[in-house]
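Results of the structural survey
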Amino acid sequence: MSKLFDNFESISEKEWKNKVQVELKGLEYNETLLWGTNDKINVKPLYTKNDVDYSSIQPLPRKAKDWKIISKYTENTNQDYSFLYGYLIEENQIKTSTSLPNYLDLFIKYNDFSNLETINNLPNLKYLDLDVYGYLAQNGLWLNENEKGSKEIVKKALELDNFEKVISIQGDIYQNAGANHVQQIAITLAHAVEYLENFGADIADKIYFKFSVGSNYFFEVAKLRAFRFLWQLILEQYNKESEAFIFTSTSNRNKSKLDIYNNVIRTTLEASSAIFGASDALFVESYDKVNNETDFGLELAAKQQLLLQQESYLNQFSDPAAGSYYIESLTNQLAEKALELFKTIQNFGGFVKALENETIQDLIYTTAKKEQKDFDEKSLKLIGVNQFRNPADDIEKKSKEKMVKHVLFLPIVPTRLAEKEEKK
């Protein structure tokens, strides 16, 4: 019996292009069908096996497993936690909560670092949200007055033997501030290497990575895959083996107070790209920070990802996107560009030095400024916001209280694209 595909004639890429050129009726192929990104990557309409060197492809450095669906703990007795693997819980909730299911993982945001021992004996498997270098990047100040004091906090946290992970590399701030995909990967790598250089390579087992995923679906999948490969490559230089634990949240940068139900659609697609990018934990807030209200639609988005796990069995694969001509090509390009940028940051003296001389800020804000310009000129569209806006949308104008702080350098501040549009 002949194989099914033997009944179909194959077509070469050249033949396909010739056919398309006829259909374009004189329009230029490259100008019409190719489009570029802020990562300086040109996307083609067709990818084939010629775009991927399969002899060099390696399996993703990750074991197949269930991903954890995480929600913020609200202390609402009606909150549905039946589909959750864990909660993100605040310091004050630890002391007051009586209804928290004791079988859920806890991702703990804790600020009283002088008294860390009080949470070391909680029965739940725990992940501490501590990142002194991330705090420095976002605030332009050290967490505990100076560098020495901040490093002492990290040392104390590393002594907590009941925690699985204690350091969260907050790479999500770069996406929400406007960095492109290459910059997010490279800066997050430099951010993590700062810990390895100051505390030793063995702490790699105590690190997990926080990423934010945006709406460029396939690029987000490739971004997370590329990061895993590069983190493995870096650890090899330290003679260390450790699997990256990636905690993803959906982006705030493309969310808006206008036409808010579109936020749910965007969140669902972003969460899906995080899963195909092989995230280990997915955080989808039931509390909508953009609109300051409870949004059970976002919780629904999390439940939809559970279907991918329980019905589509994507948890049976360590890398569900592997083998795709397009995604493999994007992964390779992002990894190559990010590695070069990472080397550039290291040549400036590493993460902290590059913050102090504002090299990293220049990279991010240059990209963010261009993205904002594209949005303002409507070449970058958000439906219901700068395109097809609902005239009935009326947003209450609120003035923000300005705080003046004496900082060491320009901090990296997350911003939303729609903020100016919402004020019109």
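Just above sits the structure.
Residues numbered from 1 in each chain as written. Predicted model: local features only at pLDDT ≥ 70, side-chain atom pairs only at ≥ 80, totals over all residues. Heavy atoms only, no water.

**Quick notes on the packing of helix α7 (residues 181-199) against helix α11 (residues 325-347)**
A pair of packed helices is characterised by two quantities: the angle between their axes and the separation of those axes. It is at 8 Å that the axes of α7 and α11 come closest, and there the two elements cross at 45°. With respect to α11, the element α7 is oriented oblique. Where α7 crosses over α11, the handedness of that crossing is right-handed. For the pair formed by α7 and α11, the contact residues are H181, V182, Q183, I185, A186, I187, L189, A190 and V193 on the first element and L334, K337, A338, L341, F342, I345 and Q346 on the second. (Axes fitted to C-alpha atoms, helices over the stretch in contact; angles between N-to-C directions. Helix = DSSP H or I, 4+ residues; strand = E, 2+ residues; numbered from the N terminus. Parallel < 35°, antiparallel > 145°, perpendicular 65-115°, else oblique. Left-handed = near helix turned anticlockwise from the far one by under 90°. Contact = heavy atoms within 4.5 Å.)

**Looking at empty space enclosed by the protein**
Tallying each qualifying case throughout the model produces one cavity of 30 Å³ or more. By volume, the largest cavity is sized at about 40 Å³. (1 Å grid on protein atoms, 1.4 Å probe; cavity = no way out; pocket = protein on both sides within 12 Å on 5 of 7 lines; lining within 4 Å. Points joined across faces, edges and corners; volume = space filled by probe spheres on them.)

**Looking at the nonpolar core**
By size, the foremost hydrophobic cluster in this structure holds 81 residues, and its most contacted members are Y174, Y195, F209, W231 and F351. Ignoring anything within four residues of it in the chain, the contact list for F209 reads I169, T188, A192, F227, W231, A244, F245, I246 and F247. Counting eight residues, the second-largest nonpolar core is a separate cluster that includes F107, F247, A281 and F283. (Core = buried A, V, L, I, M, F, W, Y, C linked by side-chain atoms within 4.5 Å. Buried < 20%, exposed > 50% of the residue type's maximum accessible area, 1.4 Å probe, protein only.)

**A short note on helix α5 (residues 147-158)**
Between the first and last C-alpha of α5 there are 17 Å, a value that for 12 residues agrees with the 16 Å anticipated at 1.5 Å per step. Within α5 the residues assigned to the buried category are G149, S150, I153, V154 and A157. When α5 is viewed along its axis, its buried side chains cluster within an angular range of 150° and face the same direction. For α5, the N-terminal capping position is held by N146, with its side-chain oxygen 3.2 Å away from the main-chain nitrogen of K148. (Expected span 1.5 Å × (residues − 1). Arc of directions from axis to C-beta. Polar contact = N/O pair within 3.5 Å; in protein donor to acceptor, adjacent residues only side chain to side chain.)

**Details of the side chain of T267**
Within the secondary structure layout, T267 lies in helix α9 (residues 261-276). Looking at T267, the relative accessible area reads 2%, which means it is buried. Of the polar contacts made by the side chain of T267, one reaches the backbone oxygen of N263; its length is 2.7 Å.

**Observations concerning the packing of aromatic side chains**
Under the defined criterion, the tally for this structure stands at 18 aromatic pairs. An angle of 50° between the planes, with centres 5.0 Å apart, marks the rings of F107 and F247 as tilted. Residue F107 is located in strand β5 (residues 105-109), and its partner F247 is located in strand β9 (residues 246-250); the two are separated by 140 residues in the primary sequence. Classification of F107 as buried rests on a relative accessible area of 1%. With a centroid separation of 4.9 Å and an interplanar angle of 75°, the aromatic rings of F209 and W231 are classed as edge-to-face. A residue pair is termed long-range when its members are at least 10 positions apart, and F209 in strand β8 (residues 207-213) and W231 in helix α8 (residues 217-237) qualify at 22 residues. Considered together, F209 and W231 belong to a single accessibility category, that of buried residues. One aromatic cluster in this structure is built from F107, Y127, Y208, F245, F247 and F283. Taking the ring centre of Y47 as reference, the NZ or CZ of K44 above it sits at 5.1 Å. (Phe/Tyr/Trp six-rings, centres within 6.5 Å; stacked < 30°, edge-to-face > 60°. Lys NZ or Arg CZ within 6 Å of the ring centre and 35° of its normal.)

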